[in-house]
Amino acid sequence: MSRCTTVSQLLDEPVSGTAATATTWLLLEQPGPWGAKALTSSHLDPVVGRALEAAAAGTGVRVALIRRPGRHADPGSPAVRQVYAAHTVPGNVWLHNAAVRDPERLLGLDFAALGAGDPRSFGTALGGRPHPGGPLALVCTNGKRDRCCALLGRPLAAELAASGVTGTWEVTHLGGHRFSPTVLVLPYGYAYGRTEAHAVKEVLHGAQEGRVVLEGCRGRSAWERPGQAAELAVREAAGEYAAGALSVVRTEGAAPRWEVTVAHTDGRRWRVGVAQGASLPPREESCGVSVLGSPARMDVVSLRELGRTSALAG
């Protein structure tokens, strides 16, 4: 017997979208100031930055720069840089790290394989291994991309670091600056908006236990925007918080209306109707900007539980 529920789940510009969706995140430590397009306008060699962008294009890998919280005057090139790779698709979630002296070594990675969830080239090219620590909290602080990220993100990153939250990094643009401070939590890839330090600590504690905290959550970067909205709506309706329990298995349609199928590892499935709308009334879209805008949002307009199928493998 199917069951129908109507919900109203609004996700104003979730972390993903065509440009920001990532099945795998590749993070390279780069201290110092960042420009609006950090891979090519920071103290990273722009030739290497452009090559990384080209290598990642179309693979599902998103490359971002990270740095320790604190002051960002030019400290010179670090002798050793931390590198992380995280795959965020349920059933094959992992977080690996490595240390490199030359960022050009990242060009030896098999980006297509990383995007598909195969970490072997991270080990062979960089000597990477599974990350022995806890989840990462990546706070967007790139003020050159948007002022909100610096004005609101940097104090949050500093507070987290000062309170001893391990795994805290500043990161280049995540998307959704209207929700600053924004935080991405790896390895699961869930993004959060308008976050405070106590909330980030709760999210990290949940991630350590394999749970998703729904309050403030803006979606999982492994899915496109309609899938992000659909998955969170199913979690809320079903009271399901296990990070690996749900997957987006099918998205049909095109803007402004999609039908998304969300599957549970126990065999349950849901059909979710998602519509693209505009956020009203018009609002300021960034800190100190007087021009008003009506950004797109994802509305979950229907949610129907389908008949149970055989349980998903893994």
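Computed from a predicted structure; not experimentally measured.

Another point: the overall build of the protein chain. When helices and strands are counted, the protein chain shows 6 helices and 18 strands. When each of the 314 residues of the protein chain is scored for burial, the buried share is 54%. At a minimum sequence separation of 6, the contacts of the protein chain that also span at least 24 residues come to 66%. Entry remark: accessible area of the protein chain is about 13500 Å², with carbon and sulfur atoms responsible for 51%.

Take the packing of helix 4 (residues 147-162) against helix 5 (residues 197-208) next. As a packed pair, helix 4 and helix 5 sit with axes 10 Å apart at the nearest point and diverge in direction by 60°. Of the possible angle classes, the one that applies to helix 4 and helix 5 is oblique. Where helix 4 crosses over helix 5, the handedness of that crossing is right-handed. On helix 5, the residues touching L156, E159 and L160 of helix 4 are A197, V200 and K201. Of the residues belonging to the contact of helix 4 with helix 5, the class tally is 4 nonpolar, no polar and 2 charged.

In this description, an aromatic ring pair is defined by two values, namely the gap between the centres and the angle between the planes. Applying the stated criterion across every chain, the model contains 1 aromatic pair. A ring pair is formed by Y84 and W169, whose centres lie 6.0 Å apart and whose planes are at 70°; its orientation type is edge-to-face. Taken together, the residues Y84 in strand 5 (residues 81-87) and W169 in strand 9 (residues 168-171) connect sequence positions 85 residues apart. Each of the two residues, Y84 as well as W169, counts as buried. Sitting over the ring of W34, R67 keeps its end group 3.6 Å from the ring centre.

In space, the 10 strands of this open sheet follow the order 7-6-5-3-4-9-8-10-11-12, with mixed pairing throughout. Here the strands that pair on one side only, and so sit at the sheet edges, are strand 7 (129-130) and strand 12 (217-220). Those strands touched by helix 4 are strand 8 (136-140), strand 9 and strand 10 (183-186), and its axis lies near 150° from that of strand 8. Strands in contact with helix 6 (residues 225-238) are strand 11 (190-192) and strand 12; relative to strand 12, the strand with the most contacts, it is inclined by about 115°.

What counts, and where the lines are drawn
Residues numbered from 1 in each chain as written. Predicted model: local features only at pLDDT ≥ 70, side-chain atom pairs only at ≥ 80, totals over all residues. Heavy atoms only, no water. Helix = DSSP H or I, 4+ residues; strand = E, 2+ residues; numbered from the N terminus. Buried < 20%, exposed > 50% of the residue type's maximum accessible area, 1.4 Å probe, protein only. Contact = heavy atoms within 4.5 Å. Areas by Shrake-Rupley, 256 points an atom, 1.4 Å probe, with all protein chains shown as cover. Axes fitted to C-alpha atoms, helices over the stretch in contact; angles between N-to-C directions. Parallel < 35°, antiparallel > 145°, perpendicular 65-115°, else oblique. Left-handed = near helix turned anticlockwise from the far one by under 90°. Nonpolar A, V, L, I, M, F, W, Y, C, P; charged D, E, K, R; others polar. Phe/Tyr/Trp six-rings, centres within 6.5 Å; stacked < 30°, edge-to-face > 60°. Lys NZ or Arg CZ within 6 Å of the ring centre and 35° of its normal. Pairing = 2+ DSSP bridges.

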